[in-house]
Every structure is written in C-alpha cells, then in structure tokens.
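Chains, contacts and geometry: an overview
Letter by letter, the chains look like this.
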There are 2 protein chains.
Amino acid sequence: MAELSAASAVPIATIKYYLREGILPLGDLSKPNQASYSPVHVERLNLTRALIHTGGLSIASVKRVLASIDSDDSLAQVFEVAQNTVSVEPDQDNIDPLALARIDTLTQEWRTYPTNPGRLEAARILGTLDTLRMPLSEGWLAKYAQAALLAAEADLDEVETRPDRDSKAETVIIGTILGDAMFAALRRAAQEHETSRRYNPQVAAAESGSGSNTVGVDATD
Amino acid sequence: MAELSAASAVPIATIKYYLREGILPLGDLSKPNQASYSPVHVERLNLTRALIHTGGLSIASVKRVLASIDSDDSLAQVFEVAQNTVSVEPDQDNIDPLALARIDTLTQEWRTYPTNPGRLEAARILGTLDTLRMPLSEGWLAKYAQAALLAAEADLDEVETRPDRDSKAETVIIGTILGDAMFAALRRAAQEHETSRRYNPQVAAAESGSGSNTVGVDATD
C-alpha cells in the first residue's frame, strides 16, 4: 500500500478510506499479510481524484459513476448516469412552462427524452433570467445550442476512438464531467479575446501578425 | 419591507441580512420610521437570488460582482471581475507546462492575457486528463475551442443590444455566471440527441418528420 501511495501521490489514509467505501477494489490478497496492487489501482485512484477535485463530485457520486463503468450498462446508460450525477435534481413543478416551450422550440430538431436533465435545467435557467427581466435573446440561445451540439459531436467522436467498451465508458464519464469545466475555461479565454477584438481594435492591429496569442506580455504590474 | 418581501418572494429576515451586508441599498428614509423601496430593490433582490441559487455564488462573491456593476468599471473590467468570481484560483505552479503549451497553440489566434483564468484552468484540466492517461485528442479540443468562441461571440452580441452601461454590465455578469450553466444544460440535451442519432438509427427513421423533439413520449414508466 505504501508503493500504491507513492505511485499515485494519494495518502495512505485516503487509500484506506477509498477501500472501505468500495471506490477502490481490494488488492490481491494471495500473499499472507500483504495485499498487492496493480496499475489498475493507480488508474482508478487517478480517476477518483480527478472526479473529486476537478469534477467536484461527492464520494457518493464517484461510487455511482464507477459502478456504471464496471457494470454492463450500455453507453447510453453510462451517459445517463454521468448526466444525472452532474445535474441539479430537476424540480419540474418549479419550471415555467413558457420557458420549457422556448427550449423545446430551440431544440426541436433534437431527439431527447422529456426527462432529460439538461432540457429541464435549461428551462429553469431561462425562467430565472425572465424573472430578472433580463431575457436573453433567441439569437443568443440559438448560438449556445449550436455550440452545445458542436461539443456533443466532439464528445461522441472522442468516445468512438476508444478501442473497447470499458475505455469508451470511462471516456463518457470523463468527457461529461470534465467537459463542462473545459468548455467554461475556454469560454473565459474566448470572452477576453472577443472583448479585446471589439473594443481594443488598435491592439488588434498592433498585434496582428506577431504570432503571439497574448497581449500585454510585457506588463509589469 | 413587508411589501418588498411580498413583491420579491424573499423572506424579511433575508432582506434584513442583505441590507446589513450592503448587498441591497438602503430604502428611502425620508418618512420617519418607514423606509420605502423601489422597483430597483426588487430587481436587485432577484439578481442576488439568481447569482446565489442558479450561479452558486457566495455572499462575498455577490458583493464583489454587484460592486463592479455599481462602479464605473469598464466592461472589460466587469468581465474580469465576473470571470475571476466563477473561476478556481489558478495555481500556476501546479500547471503542466506542456498542457499550457497545448492550450496556447489551440488558442493562438486569440488575444488573451497570460493571466486569463480560463487559459490556466483549461491547462490544469488538460494536465489532469493526461495524468489519467486519458488524453483527449486535438480534434476534441479544437471543437471545444470553436464552440467556446461561438458562445463568446453570442455573449458579446447580447451585451451590445443593451441600451446603457449599467444594463450592459448586468448582462456581462449574468451571461458569464449563468452562461456556464446554460451551456452545460444544452450540452446534456445535445449529447442525448447525438447518442440517439448514432446508436438508435431506427428511432431516428421512425421519428423523422414527426415534428416532435422527443422520443418515448408515450413511455409510461
């Protein structure tokens, strides 16, 4: 176990906790008084850490998604588990029917179940924005839907590159859970770029052709 | 205050707390023993609730973004406040330089500061995925970057529709903070659609031309 801790940089106390919780499978107990661990254990520890620290998942959620990877769930079922894990529990009674109708119109070309957590969550957010008297335009929504479809295509393309069912299932989990964070991060960079492009055209002119993707590199503050 | 509570559906105790914290401006105290509140107060309460409940912001973060709206910050500065509020504190020492180089290559056409929290966060996530020996392909990343740029363009377009600096600033805050949740929700719906399209082609054929965006509407479970 000391070696497993060294290989994964996870403290022994944490490894023991994961073993107790069933997140990490028990080591091979063939030798007396010593369990042996394999690269599979290191990978599982890395996955667990990523889900908790980057994905923000609870221990209970980690157990649920790992169980789905280890089961014979279909990929569609693994997607469902991943989506439900990272979605707010939809409270259908609290959703404005008009907001739901706008989301359904927006995504009318898409085949989704009425219970899709994303459909309900999108309507809930839209309802919130209407309450604020800050309705976002149909143009904004349409571009977001187009961007979401592009990301979903990339997700599925990526899953298809994986050689077997288990690595496909892992990619579904990783992509669904860390994909939100990756997109949010890239959107922040893109917002800065787009703000600079529109409101600092002089910088744009000065920088163009320099090959640098950064402005103000030499700012010393 | 009872009327303000009724108009906003926020409990009086919560309103008093927001007044103490300076989140809500004091009412007009021109009459003795009675403060009067305006529609501005109702709007500010709605905005606060949305930032806390849908955006997941802490009270301290709400104070920071409201202060930026109320200041004479430029829109670029408001964006920066909004972005820093919803970003993990970037820990530059913990970022794999190779992952950072991949993000910089990916976004080489963009003009972003090296300190952009999105740039650093994207590199951190990429580093995590590499640790998992689950590197995501350059194709996946490129589509995510393309989607992020589309969303950022929509964000800036939306800001430009607003008539004055204060409503532009509010839109920057709302779009940055609730936009993550909206995109994540739409991606879930798009993933289900894309999974169904690729793996259930028969359903696709049966449904096409029906005008319905849902499958299994008549499922009774």
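So, a few notes on the structure that sits alongside this text. Note on numbering: residues in each chain are counted from 1, in written sequence order. Chains and ligands are labelled sequentially in the order written, the chains with letters from A and the ligands with numbers from 1. Totals for whole chains, interfaces and linings use all residues, but because this is a predicted model, local features are given only for residues with pLDDT of at least 70 and pairs of side-chain atoms are given and counted only at 80 or more. Water and hydrogen atoms play no part in the side-chain values, which are based on all heavy atoms of the structure.

For the rest of this paragraph, the subject is the overall build of chain A. Across its full length, chain A carries 10 helices and two strands. Its helices and strands in sequence order give chain A the pattern α-α-β-β-α-α-α-α-α-α-α-α, from N to C terminus. Buried, partly exposed and exposed residues are distinguished by accessible area as a fraction of the type maximum, computed with a 1.4 Å probe on protein chains only: under 20%, between the cut-offs, and over 50%, respectively. In chain A, buried positions account for 48% of the 221 residues. Working rule for contacts: check all heavy atoms of both residues, and any pair within 4.5 Å makes them a contact. For chain A, restricting intrachain contacts to residue pairs at least 6 apart in sequence, the fraction spanning at least 24 positions comes to 57%. Approximately 10500 Å² of chain A is accessible, and the part contributed by carbon and sulfur atoms is 52%. For helices the rule is a DSSP run of H or I covering at least 4 residues; for strands it is a run of E covering at least 2, with both sets numbered from the N terminus onward. Computed by Shrake-Rupley with a 1.4 Å probe, the accessible areas treat only the displayed protein chains as cover when residues are assessed.

Here the focus is the nonpolar core. General note: in soluble globular proteins, nonpolar side chains tend to be found buried as a group. The set of buried Ala, Val, Leu, Ile, Met, Phe, Trp, Tyr and Cys residues whose side-chain atoms join them within 4.5 Å is what this entry labels a nonpolar core. Met-182 of chain A together with Met-182 of chain B are the most contacted members of the largest nonpolar core, which has 123 residues in total. Excluding anything up to four places from it in sequence, Met-182 of chain B contacts Ala-122, Ile-125, Leu-126, Trp-140, Leu-141 and Tyr-144 of chain A.

Our focus in this paragraph is the interface of chain A and chain B. On the side of chain B, 93 residues touch chain A, which itself brings 94 residues to the contact. Note on definitions: buried area is the accessible-area loss of two parts on being combined, 1.4 Å probe, summed for both. Both sides of the chain A and chain B interface together cover about 9000 Å² of buried area, and 63% of this is carbon and sulfur. The rule for a salt bridge is simple: a side-chain nitrogen of Lys or Arg has to be within 4 Å of a carboxyl oxygen of Asp or Glu. Counting the contacts that link chain A with chain B gives 14 salt bridges. Between Arg-187 of chain B and Asp-155 of chain A there is a salt bridge, and its shortest N-O distance comes to 2.7 Å. N or O atoms closer than or at 3.5 Å make up a polar contact, with two conditions inside protein: a donor-capable atom paired with an acceptor-capable one, and, for residues adjacent in sequence, both atoms drawn from side chains. Joining chain A to chain B, the criterion identifies 39 residue pairs in polar contact (both at pLDDT 80 or more). Elements with a contribution of two residues or more to the side of chain A that touches chain B: α3 (39–54), α5 (75–86), α6 (97–106), α7 (117–131), α8 (138–160), α9 (165–199) and α10 (201–207) of chain A. Each residue gets one label: Ala, Val, Leu, Ile, Met, Phe, Trp, Tyr, Cys and Pro are nonpolar, Asp, Glu, Lys and Arg are charged, and the others, such as Gly, are polar. Of the residues contributing to the side of chain A that touches chain B, the split by class is 43 nonpolar, 26 polar and 25 charged.

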